[in-house]
Structures are given as structure tokens and as C-alpha cells.
Amino acid sequence: MIALLVLTGCEETIPFDTKTNRELTVYALAVDGQQFQAYIAQSRTIADGPNFYYLDYSDFSRQASTYFADSLVIRKADATLTVNGTESYKLTYVPDSLCYKCDYIAHSGDHLALDVDASGFAQVSSQCTVTAPVKIDDMSYYTYYDEAASAEQHDWVRQAYGYDIYGADSVTTITLSFHDPAETRNFYRLRVRSVGEYSSITGKRHSVCDVYTSSDPVFNDRQLTKGYGSWQAYFSDVFDDAIFNGKTYTITVNSRKRAEEPAYTIVELQSISPDLYYFLKSMQLYRISTDDIYTTPIAIFSNIDNGWGILGTLSYSRHVIY
């Protein structure tokens, strides 16, 4: 039997065309009440780009940003935003922020169509509708001492720098309620950002952390089998209304208080467009993947026709806890 398997076994080499078309990548977000802006870049294959997997969390962010600015940004593109089929806005490149901006201020309910053309690339386009905000109806909180947090492994930071950039030994438990509209399927992201202010030789600075925890089932994502940065495994801050469609829902989360004073926490319930939801979900899955040859490839969601990226919309209801 072994001899038969060896004799009948075969190996096939699958050809791979290394020639790829250059395509535009667009990252644009229309935030209700804010000026519209878009990042326009060129796509690169994995073989053409650097391998960042050997870097730690902070180095990855820094070096990936540098690579984007030096090698990917398209600085000369013809970009037009059309609002509700009538108003047109030309986007202008802003060197300081590496992005394109126009005078349009996003308003919920507006239908947007974005067209981008650049020399050497196929024209790309995308459409979306600005989401309406869902109001936080009620919110309460209390802060308590966390013995485990006070004795954590980051004490060397406090000794070396005089302050703890990872947070104080206190946790703020926040409870908020909102009513989900029943007419359609709705998509959300909950941002809970703890902020502390401190002084340095260069002036006032901020210690910021977006990480929080919760046992609420809306945050559970079984695909996220590994943690990322300080985010826990199986935790996603992006969710839909599958378990509370058309109802009032209450969420409780825990946020680590910053050690610096004054300290405050920004709580923001974001209503996001469906395409932005699927994009963020795919990105969260992608960022815990590795370059292991046995890893299943992760497809990043895109709604840019003839290119890559995302045109998304976001509106929010915000509270600040001091």
C-alpha cells in the first residue's frame, strides 16, 4: 500500500503571475458635522512591500506610517465628491496631513459619490449614505480601586519616567443606554477613550488609551482568537443590532483610569455605515493574522470600485466623564 501511494502520488507546480496592475487605494470617512477628507495611495503586493511582522506593537505603527508617507501616498490626483447628485466638491491635497480635503461638511442622510483619477491608474469610485446618529439616552458610572492593577508588571515605567502611561490603579465602570431604530439593520462602534494630561519640557501632553473591557455579548467575536495590543481575545468594539433590533439596550464597560491629572473619559456611541462595519471587522481579523504559510488568507473588505479601500460614514453621540 505504501509503495502504491508513493508511485501514484504527484506534485504540481501552480504558476503565479508576478505582474500586477497598479491600482488606487482610497480611505475616506464622512463624519457627521466634520469636513470631508480622503487618503489616496497606490496599492502594493505583499511581495513588493516590507514585512512588518517582526516588529512589536509600537514599532509597527511608527514604521508603517513612515512607509505610507514615503512610498504609497499619491500627491497628484483628481478627486471629486458629489453630494445628493447635485453639488460637486473638488478635493485638494494637504501636504501636512497627507490627505485630500474639500469644503463639504457631512450631514446625516446625504448621499455621497466619490470619483478619483490619477495618472497611470484606472479611475475608481464609490458611493455611500451618511448615517444618522443614535443618541445615548442615559449614562452612569462609578470608579473603584483595582488591587490587581496597582501591582501590575508596568511599575518600572513609573519608576523610570515618574508617571504611569498605562493608567492608574482605578477602574471606571460605565453604563449607558440607547434605543436602536427598528426600520433597518444598524451598525455601531463604541469608543471609550481614557485621557490624562501632564506637563513635559515641550508643553502639555496627553496619555491616551482606547482599550476597555466588557462581558456584554455584543462585543464577543469568536473569530478574534488572539488579542491585539492590549485588546483581549474575542473582543471587538464593532457590533450590529442583531440581539436588540428595535429595542432599548444597556451596555456596561470597564475603562482603566489614567494616572495623570486632570483625567477624563470620552464615551462615544458611533453609528457607522454597513460597508465601514465590514471593513473594520475584516481589519480586526487581519491584524491578528501572521505571515505563517499555513494561515488562511484574510480578505480586507473594500467598496472602492476598480480599486481598494473604503468610503465609510460615521455619526456619533458623545459624553465626557471628568
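See above for the structure.
Residues numbered from 1 in each chain as written. Predicted model: local features only at pLDDT ≥ 70, side-chain atom pairs only at ≥ 80, totals over all residues. Heavy atoms only, no water.

Visitor: Could you give an account of the overall build of the protein chain, with specific residues and numbers?
Guide: Helix and strand counts for the protein chain come out as 5 helices and 17 strands. Split into buried and exposed, the 322 residues of the protein chain put 40% on the buried side. Pairs at least 24 residues apart make up 70% of the contacts formed inside the protein chain by residues separated by at least 6 positions. (Helix = DSSP H or I, 4+ residues; strand = E, 2+ residues; numbered from the N terminus. Buried < 20%, exposed > 50% of the residue type's maximum accessible area, 1.4 Å probe, protein only. Contact = heavy atoms within 4.5 Å.)

Visitor: Summarise the environment of glutamate 260; cite the residues concerned and give the values.
Guide: Secondary-structure assignment places glutamate 260 in the loop between β15 (248-256) and β16 (263-272). In this structure the C-alpha to C-alpha distance between glutamate 260 and histidine 206, which are 54 residues apart in sequence, comes to 8.5 Å. A polar contact of 3.4 Å, which involves the side chain of glutamate 260, links it to the side chain of serine 207. (Polar contact = N/O pair within 3.5 Å; in protein donor to acceptor, adjacent residues only side chain to side chain.)

Visitor: Mind laying out the sheet that holds β15, listing which residues take part and the relevant values?
Guide: Strand order in the open sheet formed by 4 strands is β9-β10-β15-β13, and the pairing between neighbours is antiparallel. The open sheet is flanked by β9 (136-145) and β13 (212-213), the only strands paired with a single partner. By the bridge criterion, 9 bridges tie strand β10 (residues 170-179) to β15 in an arrangement that is antiparallel. Within the sheet, the bridge partner assigned to leucine 176 lies in β15 and is isoleucine 251. (Pairing = 2+ DSSP bridges.)

Visitor: Give a detailed account of the pattern of salt bridges, specifying residues and quantitative values.
Guide: What the rule picks out here adds up to 9 salt bridges. Between aspartate 240 and arginine 185 there is a salt bridge, with its nearest N and O atoms 2.6 Å apart. Taken as a pair, aspartate 240 in strand β14 (residues 238-240) and arginine 185 in the loop between β10 and β11 (187-200) lie far apart in primary sequence, 55 residues in all. Among the residues examined, aspartate 240 registers a relative accessible area of 14% and is labelled buried. Where glutamate 261 meets lysine 257, a salt bridge forms, and the shortest distance between an N and an O atom there is 3.0 Å. By relative accessible area, which is 53% here, glutamate 261 ends up exposed. Three or more residues are tied together by salt bridges with common partners; here these are Arg191, Glu268 and Arg318. (Salt bridge = Lys/Arg side-chain N within 4 Å of Asp/Glu carboxyl O.)

Visitor: Hey, could you go over the environment of tyrosine 212 for me, with residue numbers and the actual values?
Guide: The residue tyrosine 212 is located in strand β13 in this model. The spacing of tyrosine 212 and serine 230 is 18 residues in sequence and 8.8 Å in space, taken between C-alpha atoms. For tyrosine 212, the residues in contact, after removing those within four places along its chain, are Leu190, Val192, Phe219, Trp231, Phe235, Asp237, Val253, Asn254 and Ser255. A polar side-chain atom of tyrosine 212 sits 2.7 Å from the main-chain carbonyl oxygen of leucine 190.

Visitor: Tell me about the pairing of strand β12 (residues 203-209), residues and numbers included.
Guide: Pairing geometry for β11 and β12, over 7 bridges, is antiparallel. Counted as the bridge partner of serine 200 is glycine 203 from β12. Following β11, the chain reverses through 2 residues before pairing antiparallel with β12.

Visitor: Would you mind going over the side chain of serine 194 in detail, with residue names and values included?
Guide: Note on placement: serine 194 falls in strand β11. Reaching out from serine 194, the side chain makes a polar contact with the side chain of arginine 258 at a distance of 3.2 Å. Once residues within four sequence positions are removed from consideration, serine 194 is found in contact with Ser207, Val208, Cys209, Ser255, Arg256, Arg258, Tyr264 and Thr265.

Visitor: I'd like a rundown of the sheet that holds strand β8 (residues 124-129), residues and numbers included.
Guide: Pairing within the open sheet is antiparallel, and its 4 strands lie in the order β4-β3-β7-β8. A single partner strand is all that each edge strand has here, and the edge strands are β4 (87-90) and β8. Along the sheet, successive strands turn relative to each other by an average axial angle of 15°, direction set aside. Pairing analysis gives 6 bridges linking strand β7 (residues 111-117) to β8, with the strands arranged antiparallel. Counted as the bridge partner of leucine 112 is cysteine 128 from β8. (Axes fitted to C-alpha atoms, helices over the stretch in contact; angles between N-to-C directions.)

Visitor: Tell me about the nonpolar core, residues and numbers included.
Guide: Counting residues in each nonpolar core, the largest one holds 29 residues, and the members touching the most others are Phe36, Leu81, Tyr104 and Val116. Listed by contribution, the elements that provide at least two residues to this core are β1 (24-31), β2 (35-42), β3 (78-83), β6 (99-105), β7 and β8. When residues of this core are assigned to their parent elements, the largest contribution, 4 residues, is made by β1. Setting aside residues no more than four positions away along its own chain, tyrosine 104 makes contact with Gln34, Gln35, Phe36, Leu81, Val83, Tyr89, Asp110, Leu112 and Val130. Core analysis: the second largest hydrophobic core is formed by 23 residues, Val192, Val218, Phe219 and Tyr249 among them. (Core = buried A, V, L, I, M, F, W, Y, C linked by side-chain atoms within 4.5 Å.)

Visitor: Lay out the side chain of serine 289 with the relevant residues and their values.
Guide: Within the secondary structure, serine 289 sits in the loop between α5 (274-286) and β17 (308-321). According to the relative accessible area criterion, serine 289 is buried, its value standing at 13%. A distance of 2.5 Å separates a polar side-chain atom of serine 289 from the backbone oxygen of tyrosine 286.

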